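Geometric and topological summary
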Amino acid sequence: MNKEQALKSLHEKGYLDIPIDKNIDLIAEINRLRKEKNVVILAHYYQVAEIQDLADFVGDSLALAQKAAKTEADMILFAGVHFMAETAKILNPDKKVLLPDLLAGCSLAESAPKEEFETFKKEHPDHIVISYVNTSADIKALTDIVCTSSNAEKIVNSIPKNQKIIFAPDRNLGSYLIKKTGRDMLLWNGACTVHEEFSLEKIKALQKQYPKAKFIAHPESRDYILDLADYIGSTSGLLNYVKNSDAQEFIVATESGILHKMTQIAPDKTLIPAPPVDDDNACACTECPYMKRNTLEKIYLALKYELPEVKVEKELAEKALVSIQRMLELS
Ligand code: 13P
Ligand code: SF4
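On a predicted model such as this, the values are computed, not experimentally measured, just so you know. (Residues numbered from 1 in each chain as written. Chains lettered and ligands numbered in written order. Predicted model: local features only at pLDDT ≥ 70, side-chain atom pairs only at ≥ 80, totals over all residues. Heavy atoms only, no water.)

Let us now look at the nonpolar core. Among the nonpolar cores identified, the biggest contains 103 residues, and I30, L77, F78, I130, F215, M262 and L303 are the most heavily contacted of them. In this structure L77 touches V39, V40, I41, L42, L98, P100, I299, A302 and L303, once residues within four positions along its chain are discounted. Counting nine residues, the second-largest nonpolar core is a separate cluster that includes F117, V129, L142 and A168. (Core = buried A, V, L, I, M, F, W, Y, C linked by side-chain atoms within 4.5 Å. Buried < 20%, exposed > 50% of the residue type's maximum accessible area, 1.4 Å probe, protein only. Contact = heavy atoms within 4.5 Å.)

Our focus in this paragraph is the site of ligand 1. For ligand 1, the set of nearby residues contains 14 residues, the closest of which are H44, S61, H218, E220 and T235. In the environment of ligand 1, an oxygen atom lies 2.7 Å from a nitrogen or oxygen atom belonging to the side chain of H44. At a separation of 3.1 Å, an oxygen atom of ligand 1 approaches a polar side-chain atom of E220. About the coverage of ligand 1: the protein hides 96% of its 300 Å² of free accessible area. A molecule is said to occupy a pocket when more than half its atoms come within 2 Å of that pocket's grid points, and by this definition ligand 1 occupies the largest cavity. For the shell around ligand 1, the class distribution of residues is five nonpolar, seven polar and two charged. (Near = heavy atom within 4 Å. Polar contact = N/O pair within 3.5 Å; in protein donor to acceptor, adjacent residues only side chain to side chain. Areas by Shrake-Rupley, 256 points an atom, 1.4 Å probe, with all protein chains shown as cover. 1 Å grid on protein atoms, 1.4 Å probe; cavity = no way out; pocket = protein on both sides within 12 Å on 5 of 7 lines; lining within 4 Å. Sits in = over half its atoms within 2 Å of the grid points. Nonpolar A, V, L, I, M, F, W, Y, C, P; charged D, E, K, R; others polar.)

A word on empty space enclosed by the protein. As enumerated under the stated definition, the model contains three cavities of 30 Å³ or more in all. Residue composition of the lining of the largest cavity, by class: 12 nonpolar, 11 polar and three charged. Of the voids in this model, the second largest cavity is the one considered here, and its volume is about 40 Å³. Around the second largest cavity, the lining residues are S61, L64, A65, F78, F83, M84, T87 and V133. Of all the secondary-structure elements, those providing two or more residues to the lining of the second largest cavity are α4 (61-70) and α5 (82-91). Partitioning the lining of the second largest cavity into residue classes produces six nonpolar, two polar and no charged. (Points joined across faces, edges and corners; volume = space filled by probe spheres on them. Helix = DSSP H or I, 4+ residues; strand = E, 2+ residues; numbered from the N terminus.)

Strand pairing in a sheet is mediated by backbone hydrogen bonds. Such pairs are either parallel or antiparallel. Reading across the sheet, the four strands line up as β6-β5-β7-β8 and stay open at both edges, with parallel pairing between neighbours. Edge positions in the sheet fall to β6 (145-147) and β8 (186-187), since each has one partner strand and no second. Where strand β5 (residues 127-132) lies against strand β7 (residues 164-168), five bridges are found, and the strand directions are parallel. Note that in β7 the partner of I130 across the bridge is F167. Lying on the sheet, helix α7 (residues 114-123) is in contact with β5, β7 and β8; it crosses β7 at an angle near 165 degrees. (Pairing = 2+ DSSP bridges. Axes fitted to C-alpha atoms, helices over the stretch in contact; angles between N-to-C directions.)

Running from N to C, α5 and helix α16 (residues 314-330) point in directions that differ by 95 degrees, and their axes come no closer than 9 Å. Considered as vectors, α5 and α16 are oriented roughly perpendicular to each other. From α5, T87, I90 and L91 reach across to α16, where they touch A317, A320, L321, I324 and L328. Considered class by class, the residues forming the contact of α5 with α16 number seven nonpolar, one polar and no charged. (Parallel < 35°, antiparallel > 145°, perpendicular 65-115°, else oblique.)

Okay, here's the thing in structure tokens:
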């Protein structure tokens, strides 16, 4: 395949669809390329185990943004989804940021299109905007402070009591924050299609089967799921809870990629993934189809050809940076 064909595949499929020699040792090649090009590989907890294991750093959305803000590498390869790589690019305008598959999107980010959000904001001129990091650069540029699930409560609480707030785009995290902070926020109607899928009936059945298990959930889940939870937290919050709790069994309501790190951190504990309503997959667990678009093959090709690259137009990046930096200062 020549370069023109490779670029055509990138345009059509979102990733470089180039045949790879079957005899190649992918991990060894990835290690050679990352060293040669001084690349930092950042991976989210929802990546498959083999990608987490080769990353320089594995973390939640906040920790990954903090790492990206401080990196001294020449290039960043983001094994996560588009909004994460875009945030890394906004924080590092002069560095190449690679995302192995440009179609690694996010239902939450997609639920807030720029024009509709701009109109909504204009309809409420006396409100400030707090946006979850799972948004496009366009939305971040219309936002006063970005937050992640790790720091959302702190950020909402940092706003003076008499200041009206729009919270976007996750209605589930927004409702949870309203309960936690007592603030009457105006919510955008977006959701994570992965965390919305947990089955109440199946979780209740698991609780009967494992009466001593703690049920822990990510706040992107629906309120009737969160109502059952012994602990609610971001991916790193859930990990720490499992590590520090005296309990031995946990029913875990978040994307199943987290189980890899949880098993490494707490090998003696029993982890039961919370099942989605429609659980015809082998693991009876929940997987984010966007996060799972990344593969070792795509990472190898991205490092080799330095493509696909995430780019953000300069003026937009400068506007979006303000709301991201406010979050980092408060975190
Ligand atoms: P955190 O990593 O911030 O917990 O977010 C979870 C998530 O859904 C990322 O897309
Ligand atoms: Fe987006 Fe949900 Fe996937 Fe996270 S798990 S990337 S919020 S769709």
